[in-house]
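Structural characterization, general
Now for the letters of each chain:
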Amino acid sequence: MTGAAQPQVLLDAEGIAHAVDAVAARIAPVLDEDAVAVVLLTGGLWFAADLTRALARQGRHVRFDALWLASYGDAHLSSGTCEVRAGLQRPVTGRQAVILDDVFDSGASLREARRYLEEAGARQVLSAVFARKPWPEPRPVEPDFVAWEAPARYLVGYGLDSAGAWRGLPYIGALD
């Protein structure tokens with residue numbers, strides 16, 4: 001991204017690590033032995049990797065799967081609808097499933113993931129997001145666990161992107 005303006009740092013790597021450890025401490029006590037962590041691709045990978053390691057340090061070794069949903073494409077705003085591009089690799093029937101995602105804004109992705117997992121037979125569906133942004137309208141669902149209350153800014157880094165770019169930043173920044 002040569003020549004592009006650098007994002008303003010909002011939460012550095014140390015702040016991210018602290019937020020992940022804190023949310024892991026809140027999640028660990030409610031996890032079943034056979035819980036399945038279901039990361040929402042692509043942005044949720046960074047949070048999911050760090051959170052599952054933090055849960056392991058808490059003595060919780062979750063199974064892992066992924067669900068690829070698309071609601072943004074390369075746009076800056078969610079389309080408000082979600083498309084399932086790739087489903088789960090393993091059954092969740094009768095198990096507790098924990099959806100892991102990078103950011104919660106409109107709620108469309110979380111709503112679709114919850115519906116998908118309930119239809120797949122999950123016994124219980126919980127959700128954890130790294131960042132929750134304020135939203136001007138009521139959302140269809142709310143996450144069960146939030147690591148960081150984010151400002152209403154255009155966020156990048158730590159899995160959050162702008163048309164596929166900036167995901168790999170070790171911090172969360174704002175491009176606006």
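Residues numbered from 1 in each chain as written. Predicted model: local features only at pLDDT ≥ 70, side-chain atom pairs only at ≥ 80, totals over all residues. Heavy atoms only, no water.

1. Comments concerning the environment of A128
With respect to the element layout, A128 can be found in strand β6 (residues 124-132). Exposure remark for A128: the relative accessible area of 0% places this residue in the buried category. Not counting chain neighbours up to four residues away, the residues in contact with A128 comprise I27, F47, I99, L100, D101 and F145. (Helix = DSSP H or I, 4+ residues; strand = E, 2+ residues; numbered from the N terminus. Buried < 20%, exposed > 50% of the residue type's maximum accessible area, 1.4 Å probe, protein only. Contact = heavy atoms within 4.5 Å.)

2. Focus: helix α1 (residues 13-27)
Helix length check: α1 (15 residues) gives 21 Å between terminal C-alpha atoms against 21 Å at 1.5 Å per residue, within 8%. For α1, the full list of buried residues reads I16, A19, V20, V23, A24 and I27. Taken down its axis, α1 places every buried residue within 135° of arc, on the same side. For α1, the exposed residues set more than 90 degrees away from the buried face come down to E14 and H18. Those residues of α1 that are buried are in contact with β1 (8-11), α2 (45-57), β6, β7 (145-149) and β9 (172-174). (Expected span 1.5 Å × (residues − 1). Arc of directions from axis to C-beta.)

3. Points about the packing of aromatic side chains
Aromatic ring pairs are described here by two measures, namely the spacing of the ring centres and the angle between the planes. Tallied over the full model, the rule gives three aromatic pairs. Ring centres of F47 and F130 lie 5.7 Å apart, and the angle between their planes is 65°; on these two criteria the pair is classed as edge-to-face. On the criterion of sequence distance, the pair formed by F47 in helix α2 and F130 in strand β6 is long-range, its members being 83 residues apart. The residues F47 and F130 share a single accessibility class, namely buried. Their ring planes at 65° and their centres at 5.1 Å tell us that F130 and Y158 sit as a pair that is edge-to-face. (Phe/Tyr/Trp six-rings, centres within 6.5 Å; stacked < 30°, edge-to-face > 60°.)

4. As for the sheet that holds β9
A sheet is described by the order of its strands in space; here three strands give the open sequence β1-β9-β8, paired in antiparallel fashion. Looking at strand neighbours, the two that pair on one side only are β1 and β8 (155-156), the edges of this open sheet. Across two bridges, the pairing between β8 and β9 is antiparallel. For L155, the partnering residue across the bridge sits in β9 and is A174. (Pairing = 2+ DSSP bridges.)

5. What to know about the nonpolar core
Note on soluble globular proteins: their nonpolar side chains tend to be buried together. Core analysis: the largest hydrophobic core is formed by 33 residues, its most contacted members being F47, L51, F130 and I172. Those elements that provide at least two residues to this core are α1, β2 (36-41), α2, β5 (96-104), β6 and β7. Per-element tally for this core: the top contributor is α1, with six residues. Aside from chain neighbours lying at most four places away, what touches F130 is L11, I16, A19, V20, F47, D101, D102, V146, A147, W148, Y158 and I172. Core analysis: the next-biggest nonpolar cluster, separate from the first, contains 18 residues, A97, L110, A113 and V146 among them. (Core = buried A, V, L, I, M, F, W, Y, C linked by side-chain atoms within 4.5 Å.)

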